[in-house]
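# A closer look at the structure
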Amino acid sequence: MANRFIDRVVLHLTAGNGGNGCSSVHREKFKPLGGPDGGNGGHGGDIILRASTQVHTLLDLHFRPHLTASRGANGAGDHRNGARGEDLILEVPAGTVVSTTDGEVLADLTDPGMSLIAAAGGHGGLGNAALASRARKAPGFALNGEPGESLDVVVELKSLADVGLLGFPSAGKSSLVSVLSAAKPKIADYPFTTLQPNLGVVNVGHDAFTIADVPGLIPGASEGKGLGLDFLRHIERCAVLVHVVDVATLEPGRDPVSDIEALEKELAAYREILPADSDLLERPRFIVLNKTDVPEAHDLAEFVIDELKEKFGWPIFIISTVARKGLDPLRYALMEAVNKRRQAEPKRKRVDTVLVKPQRNETHVERDGEGWLVTGDKVERWVLQTDFENDEAVGYLGDRFAKAGVEELLYKAGANAGDPVTIGGITFEWDPLTAAGIDPVLTGRGTDIRLEQTGRASAAERKRASQVRRGLIEAEDYGQEADTERWEG
């Protein structure tokens, strides 16, 4: 099977889920209720992209785009926390750009060793030992682990070459790479011989630069014709661009001036889709008139050189890759241009690890048909952590909502008692008079009397509990005694 060059892949990533916390009570001889000792769940594994010099294409990722990291282990009794899930590390070539499907760049992995935490694993749920407080001395519940992040990312490889060779198919770009460097690209006398960029290292004295050819560009490449659209991205990082012109071509309507103008038009069209700060069109240019070992081609090169200087004003070199003539002046000129570019670029601070912090959405309430929809990363995460078969856990969730201001937002939005409220995919029937946000009356483990006997509270007491939730009176003014009194009769 022939090697395939893959330089763009869409990955579907799912980080590991967090492990569940444990609800446990320490028991030993003569101490049947020794207090909560449930451990926390382990965090889920992250999915990490790491730049490496050991890989050169995205072929492996192309064949397995759906990737999932391992989940964290559940907590256990005796304060044993669950193990963290193993991170999934994906090696990509240096020069890989990671972006969202909407085009937002997450990271540019230019240096070997740089890594991106593309999808973070979910946090492990707290065990009942960690949930113990003054109000809940022995919680009869634990929190579930959070799900890991799930997202699609676009991974693109952009070659890290100092010099990029542009030219029509069969202009001799691959041949030029082969004679300037030790690279051995495929060379033939038919168009589109090169189906992937060829990179080589050119040594000039004690210095060196990298050179790459861009597979056969043709007019219309920026619109998807030929191979150009797939490989134009590989010139974005090049410090110097070189037009390789075949002056021996016998194709009708072809000449050095029109060839260069056609490719410059494609560069200008491609520039329109690049970021606003791109200086692609301002990069230094060279013109190389190739295949001058043919007598008629050499005469044509001499004939058009003045016209090219007047029209473009770029340095011009007459070479023959077959006869290996004119290569040294070109090599030294390219090295000088690359060094000028390197000196002009500001030195950037290397960052070994890039952590993409997801933008947190604040809690928001909006109408949803006959009911209400509450959105926000925090409240939706709380719902996912809750075991709805455990009344005490549900009561704890209600307290968290109240303290986070969800009740107040619903009041301001105009919600009424009995309205359906959806949070994190779970729909509740909103009862604004159920006490929440204050210390509960402790009953059996795993139970919450507020969910069982809401209707037994007097109207006045329920109103006062509602005022506490809404911040109209202080919780300490309401007092634990009133809370106890409310449920005893």
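One can find the structure itself at the top, above this paragraph.
About the thresholds
- Residues numbered from 1 in each chain as written.
- Predicted model: local features only at pLDDT ≥ 70, side-chain atom pairs only at ≥ 80, totals over all residues.
- Heavy atoms only, no water.
- Helix = DSSP H or I, 4+ residues; strand = E, 2+ residues; numbered from the N terminus.
- Buried < 20%, exposed > 50% of the residue type's maximum accessible area, 1.4 Å probe, protein only.
- Contact = heavy atoms within 4.5 Å.
- Areas by Shrake-Rupley, 256 points an atom, 1.4 Å probe, with all protein chains shown as cover.
- Pairing = 2+ DSSP bridges.
- Axes fitted to C-alpha atoms, helices over the stretch in contact; angles between N-to-C directions.
- Parallel < 35°, antiparallel > 145°, perpendicular 65-115°, else oblique.
- Nonpolar A, V, L, I, M, F, W, Y, C, P; charged D, E, K, R; others polar.
- 1 Å grid on protein atoms, 1.4 Å probe; cavity = no way out; pocket = protein on both sides within 12 Å on 5 of 7 lines; lining within 4 Å.
- Points joined across faces, edges and corners; volume = space filled by probe spheres on them.
- Core = buried A, V, L, I, M, F, W, Y, C linked by side-chain atoms within 4.5 Å.

A tally of helices and strands in the chain yields 13 helices and 19 strands. Considering the chain as a whole, with its 489 residues, one finds that 49% of them fall into the buried category. When contacts within the chain are restricted to residue pairs at least 6 apart in sequence, long-range pairs at least 24 apart make up 71% of them. Summed over its atoms, the accessible surface of the chain is roughly 24,600 Å², and 49% of this surface lies on carbon and sulfur atoms.

The next point concerns the sheet that holds strand 10 (residues 198–204). Spatial ordering of the open sheet is given by 10-11-9-12-13-14, a layout of six strands whose pairing is mixed. Every interior strand has two partners, whereas the edge strands, strand 10 and strand 14 (316–318), have only one. Averaged over all neighbouring strand pairs, the angle between strand axes comes to 25 degrees, with direction disregarded. As paired strands, strand 9 (residues 163–166) and strand 12 (residues 240–246) are joined by four bridges and run parallel to one another. Across the sheet, Leu-166 pairs through a bridge with His-243, a residue of strand 12. Contacting strand 9, strand 10, strand 11 (207–213), strand 12, strand 13 (285–290) and strand 14, helix 7 (residues 327–344) runs over the sheet at an angle of about 100 degrees to strand 11.

It is worth spelling out the packing of helix 8 (residues 377–385) against helix 9 (residues 391–403) at this point. The interhelical angle for the contact between helix 8 and helix 9, taken along N-to-C directions, is 175 degrees, at an axis separation of 10 Å. Here helix 8 lies roughly antiparallel to helix 9, going by the angle between them. Residue-level contacts link Val-379, Trp-382, Val-383 and Gln-385 of helix 8 to Leu-397, Arg-400 and Phe-401 of helix 9. Class assignment of the residues belonging to the contact of helix 8 with helix 9 gives a composition of five nonpolar, one polar and one charged.

On to empty space enclosed by the protein. Following the criterion strictly, the structure yields one cavity of 30 Å³ or more and no others. Taken as a whole, the largest cavity holds about 50 Å³ of empty space. Lining the largest cavity are Leu-166, Gly-167, Phe-168, Ala-171, His-243, Val-244, Val-245, Asp-246, Arg-254, Asp-259, Ile-260 and Leu-263. Among the elements of the structure, strand 12 and helix 5 (256–271) are those that each provide at least two residues to the lining of the largest cavity. The greatest single-element share of the lining of the largest cavity, amounting to four residues, is contributed by strand 12. Considered class by class, the residues forming the lining of the largest cavity number seven nonpolar, two polar and three charged.

Another aspect to go through is the nonpolar core. Note on soluble globular proteins: their nonpolar side chains tend to be buried together. Core analysis: the biggest nonpolar cluster contains 26 residues, and Val-163, Leu-176, Phe-209, Val-240 and Val-242 have the highest contact counts within it. Sorting elements by how many residues they give to this core places helix 7 first, with seven residues. Leu-13, Leu-49, Leu-116 and Ala-118 belong to the second-largest nonpolar core, a separate cluster that totals 25 residues.

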